[in-house]
Structure formats: C-alpha cells, structure tokens
Amino acid sequence: MAAAKAVRAAGRRSRRLFDIFVAEIPWTVSSKELKEYFSQFGSVQRCQLPFDRDTGFHKRYCWIKFSAPEYVQNVLQKDSHILEGSKLALKQQTRRRRSQRKNQSE
C-alpha cells in the first residue's frame, strides 16, 4: 500500500510545471529571447507570453515553465535579471496542469 502511494506521489510530481512569473519585460523582447535567456539556468519547457488582442503587443509579463524545481532555484539564486537594460521582476509559482486539477476535483 505504501509503495502504491509513493508511485502516485511521484506521478503527481512529474505532472507539475514549475513556473516563474516574470514582469516588467521590455516591449522589444520576444518569447524566443526570454526562452533563450532562461535556458542558461536549466531546461525551459515553455515560455507563455500573452498578447493584447487590441494592441497586438505583449502584456509585459510571462510565465517561464521548467520541468524541475532546481531550475527555478537556479534562476532565483541570481540577484537580478536584466534584459535590454530593464530589470525583470520575478516571482516563483507552482502550478498544476489542468488535467491534474480536473482529476483531483472528481
């Protein structure tokens, strides 16, 4: 019984995405540039940079998704992150994928 519980817990951990919320992104920085910058700290799974439908510009914030918490810690250990002369504001977030949230609510 304990072994089955451990296997389920490991499965839940593997489905998590470890995020960093990034704000104060300069208008001129693209999601490709953000992904390249943060990949120096570990494997970036995804960069989610939302755009405003009315203006066509990005909203100056994004989520960088890593597959392991140690990559997030690598990012947070650095004092400041500067892209194109602007200091980025970072916040750690742990989110679960939608499919996992659905399964837990049932």
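The numbers attached to residues start from 1 for each chain and follow its sequence in the written order. Given that this is a predicted model, residues contribute local features only at a pLDDT of at least 70 and side-chain atom pairs are listed and counted only at 80 or more, while totals for whole chains, interfaces and linings are drawn from all residues. To get the side-chain values, all heavy atoms of the structure are used, and hydrogens and water are removed first.

## A short note on the overall build of the chain
Then comes step 1: Working definition: helices are DSSP H or I runs of at least four residues, strands are E runs of at least two. Numbering for both runs from the N terminus. Check the secondary structure of the chain and you find four helices and six strands.
Then comes step 2: Of the regular secondary structure in the chain, the N- to C-terminal order runs α-β-α-β-β-α-β-β-β-α.
Then comes step 3: Note on exposure labels: buried denotes an accessible area under 20% of the residue type's maximum, exposed denotes more than 50%, and partly exposed covers the range between, all computed with a 1.4 Å probe on protein chains only. When each of the 106 residues of the chain is scored for burial, the buried share is 28%.
Then comes step 4: For the chain, the proportion of contacts with a sequence separation of at least 24, taken over those separated by at least 6, is 67%.
Then comes step 5: Residue exposure ignores everything except the shown protein chains as possible cover, and the areas themselves are Shrake-Rupley values with a 1.4 Å probe. Surface exposure of the chain reaches about 7300 Å², of which carbon and sulfur atoms provide 48%. Any two residues whose heavy atoms approach within 4.5 Å are treated as being in contact.

## Focus: the confidence of the model for the chain
Then comes step 1: When pLDDT is averaged along the chain, the result is 83; 73% of the residues meet or exceed 70.
Then comes step 2: The pLDDT score gives, residue by residue, the confidence of the prediction method on a 0 to 100 scale. Note on residues 10–14: pLDDT under 50 across the span, and three contacts to partners over four residues away in sequence or across chains.

## Let's talk about the pattern of salt bridges
Then comes step 1: The salt bridge definition used is simple: a Lys or Arg side-chain nitrogen within 4 Å of an Asp or Glu carboxyl oxygen. Within the structure shown, the criterion is met by one salt bridge.
Then comes step 2: Lys65 is the partner of Asp19 in a salt bridge, and the nearest nitrogen-oxygen pair spans 3.3 Å. Pair noted here: Asp19 is in strand S1 (residues 16–23) and Lys65 is in strand S3 (residues 61–66), with a separation of 46 residues, a long-range link.

## With respect to the side chain of Asp19
Then comes step 1: Judged by relative accessible area, Asp19 falls into the buried class, the value being 0%.
Then comes step 2: Whenever two N or O atoms come within 3.5 Å, that pair is a polar contact, provided that in protein one can donate a hydrogen and the other can accept it, and provided that, for residues adjacent in sequence, both atoms are side-chain atoms. Separated by 3.3 Å, the side chains of Asp19 and Lys65 make a polar contact.

## Here we look at the environment of Phe57
Then comes step 1: Turning to its location among the elements, Phe57 is positioned in the loop between strand S2 (44–48) and S3.
Then comes step 2: Linking Phe57 and Trp27, residues 30 residues apart in sequence, is a C-alpha distance of 7.4 Å.
Then comes step 3: Residues contacting Phe57, with those up to four places away along its chain left out, are Trp27, Phe51 and Asp52.

## Description of helix H2 (residues 31–38)
Then comes step 1: Burial in H2 covers these residues: Leu34, Tyr37 and Phe38. Relative to the axis of H2, the buried residues are bounded by an arc of 90° and lie together on one face. By definition, the arc is the one covered by directions from the helix axis to the C-beta atoms.

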